[in-house]
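Close look at the chain arrangement
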Amino acid sequence: MRCEICGKKIMGQPIKTKIDGSVMNVCNDCSKFGKIQRQPTRPTKPRAIQRPPRREKPTYEVLEEYNNIVREAREKKGWSRENLAEKIYEKVSVINRIESGRMSPDIKLARKLERILNITILEKLEDTQSEEFKASSLKGATIGDIARIKKK
Ligand SMILES: [Zn+2]
């Protein structure tokens, strides 16, 4: 590497010097003619917002003992499995599987059962990470996003 001003061979690192508005690689002597530039500093890019990976985890979880809760509530009402199936527009086989614990109802079905039997088989999961996610996404949200969130 040679000095861009005097052409002298530079030993080691050239000195980046701003002379007449342009940065040049010069020798120690020529660096006096301009303003020495700091050695390459890392560009201070604003850090990208770290978003936790979107989790498809449901916010609700069906209680472990859902089958007993459903069966007991149904029996208390004096309904047969057929009665219950009719009321929630499901097949009796679905009720059979739910009450035997072989099939855990999905959220939609669980909600129907909760309403018709006046029971609680859904447990809200305290998902702090998704709360954080909501909070951080709100910060960078556009007005349109906020309007959409408010609508919920
Ligand atoms: Zn020079």
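Calculation notes
- Residues numbered from 1 in each chain as written.
- Predicted model: local features only at pLDDT ≥ 70, side-chain atom pairs only at ≥ 80, totals over all residues.
- Heavy atoms only, no water.
- Buried < 20%, exposed > 50% of the residue type's maximum accessible area, 1.4 Å probe, protein only.
- Helix = DSSP H or I, 4+ residues; strand = E, 2+ residues; numbered from the N terminus.
- Arc of directions from axis to C-beta.
- Contact = heavy atoms within 4.5 Å.
- Donors = N, O, S within 2.8 Å, 3.2 Å for Na, K, Ca; no water.
- Tetrahedral: all angles 85-135°; square planar, octahedral: opposite > 155°, others 65-115°.
- Patch = residues over 30% accessible without salt bridge, like charges linked within 9 Å, V, L, I, M, F, W, Y side chains within 5 Å.
- Areas by Shrake-Rupley, 256 points an atom, 1.4 Å probe, with all protein chains shown as cover.
- Salt bridge = Lys/Arg side-chain N within 4 Å of Asp/Glu carboxyl O.
- Lys, Arg positive; Asp, Glu negative; His and termini not counted.
- Charge placed at Lys NZ, Arg CZ, Asp CG, Glu CD.
- Pairing = 2+ DSSP bridges.

1. A few points about helix 1 (residues 66-76)
Taken together, the buried positions of helix 1 are occupied by Tyr66, Asn67, Val70, Ala73 and Arg74. In an axial view of helix 1, the angular spread of the buried residues amounts to 145°, which keeps them on one side of the axis. Each element contacted by the buried residues of helix 1 is listed here: strand 4 (60-62), helix 2 (81-87), helix 3 (92-99) and helix 4 (107-117). Positive phi appears at Gly78, one or two residues downstream of helix 1, with a value of about 75°.

2. A look at the coordination of the zinc ion
The protein atoms that coordinate the zinc ion are Cys3 (SG), Cys6 (SG), Cys27 (SG) and Cys30 (SG), at distances spanning 2.1 to 2.4 Å. Seen from the zinc ion, its 4 donor atoms lie at angles of 103 to 114°, and the figure they make is tetrahedral. Mapped onto the sequence, the residues coordinating the zinc ion show the spacing C-x2-C-x20-C-x2-C. Of the two residues, Cys6 sits in the segment before strand 1 (15-19) while Cys30 sits in the loop between strand 2 (22-26) and strand 3 (35-36), which places them 24 residues apart along the sequence. Residue classification places Cys6 among the partly exposed positions, given a relative accessible area of 44%.

3. Focus on a negative patch on the surface
A cluster of acidic residues, Glu61, Glu64, Glu65 and Glu123, forms a negative patch at the surface. With respect to the helices and strands, Glu61 occurs in strand 4.

4. What to know about the sheet that holds strand 3
Read from one edge to the other, the open sheet built from 3 strands follows the order 2-1-3, with strand pairing classed as antiparallel. Each end of this open sheet is capped by a strand with a single partner; those strands are strand 2 and strand 3. Both strand 1 and strand 2 contribute to a ladder of 5 bridges, which runs antiparallel. From the neighbouring strand, Ile19 faces strand 2, where its bridge partner is Ser22.

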